[in-house]
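A structural walkthrough
One-letter residues, chain by chain:
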Amino acid sequence: MPRTGSAPSTNPAVDLFRSASSKAASKELERINQLFYTYANASSGMIDPEGIEFLCSDLEVEHTDVRVLMLAWKMQSEKQGYFSLDEWRKGLKALRADTVQKLKKALPELEKEVRRASNFEDFYSYAFQYCLTEEKQKSMDIESICLLLDLVLGSQFRPQVDGLIQYVRTQTDYKVINMDQWMGFFRFVNEISFPDLSNYDTNLAWPLILDNFVESMRAKQG
């Protein structure tokens, strides 16, 4: 019967390279694990909000910095304020960071990666899900939404975000915002000419809160 599968290598140089790279990978993983346990809570086996505060202090970033949220996105962290060992490994291996210094250096590159058009919508959607802290929670209170909008979109779309935040805080029809409305805000800042709103069509499928926002803006503009 013919043999299946790849034949073992007979090239000593190739074997040496494989062995060296596999040793290097396992050393890297060891350092990533060690770094995790520097910040992890011994009883829960996770990095908790206190651990994240220490991590942010070592990275010299505020815990409210958008790059902390980007790091959570890279790890695909499921619970706000907590990193599991698996999530930590996934994120740090992808960032090729097995020390705090390397992680600190990786943050500007991570920010560039997130802000690429191919990734940013996924990050924006993730940010909403990540901030739902209760089981089966589907929506977020107005104040939290305003803070998150400012954090995630503020640096790129300042006038739109300021206008939206001011309106969302003062309107009385909605006490919470859901995912559909949240994604509507994203479409709005990316697609609608601002502040003239000339290409906003109320006949298209926009969330009603945005129809109301545009109506109030147009009324102000006279």
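Residues numbered from 1 in each chain as written. Predicted model: local features only at pLDDT ≥ 70, side-chain atom pairs only at ≥ 80, totals over all residues. Heavy atoms only, no water.

You'll find the protein entered in an unreviewed UniProt entry as Defective in cullin neddylation protein, with Anisodus tanguticus given as the organism. Among the UniProt annotations of the protein, the heading Function (unreviewed entry) holds the following wording: "Neddylation of cullins play an essential role in the regulation of SCF-type complexes activity." (UniProt positions renumbered as here; feature names shortened; annotations may be inferred.)

1. Overview of the nonpolar core
Ranked by internal contacts, the top residues of the largest apolar core, which has 70 residues, are W88, L153, F185 and F188. Here this core takes eight residues from helix α3 (residues 66-75), the largest share from any one element. Not counting residues up to four positions away in its chain, the partners in contact with W88 are I32, L35, F36, Y39, I47, L55, M75, F83 and L103. (Core = buried A, V, L, I, M, F, W, Y, C linked by side-chain atoms within 4.5 Å. Buried < 20%, exposed > 50% of the residue type's maximum accessible area, 1.4 Å probe, protein only. Helix = DSSP H or I, 4+ residues; strand = E, 2+ residues; numbered from the N terminus. Contact = heavy atoms within 4.5 Å.)

2. Notes on the packing of helix α7 (residues 142-153) against helix α9 (residues 179-191)
A packed helix pair is summarised by two numbers, namely the angle formed by the two axes and the spacing between the axes. At a closest axis distance of 12 Å, the pairing of α7 and α9 adopts a crossing angle of 40°. Regarding the angle of α7 to α9, the classification is oblique. Here α7 and α9 pass one another in a crossing that is right-handed. Residue-level contacts link I145, L148, L149 and L153 of α7 to W182, F185, F186 and V189 of α9. By residue class, the composition of the contact of α7 with α9 is eight nonpolar, no polar and no charged. (Axes fitted to C-alpha atoms, helices over the stretch in contact; angles between N-to-C directions. Parallel < 35°, antiparallel > 145°, perpendicular 65-115°, else oblique. Left-handed = near helix turned anticlockwise from the far one by under 90°. Nonpolar A, V, L, I, M, F, W, Y, C, P; charged D, E, K, R; others polar.)

3. Some points on the environment of L71
Examined against the element boundaries, L71 turns out to sit in helix α3. Given a relative accessible area of 3%, L71 falls into the buried group. Residues L71 and G91 lie 20 residues apart in sequence; the distance between their C-alpha atoms is 7.4 Å. Once residues lying within four places of it in the same chain are set aside, the contact partners of L71 are L55, L95, L103 and L110.

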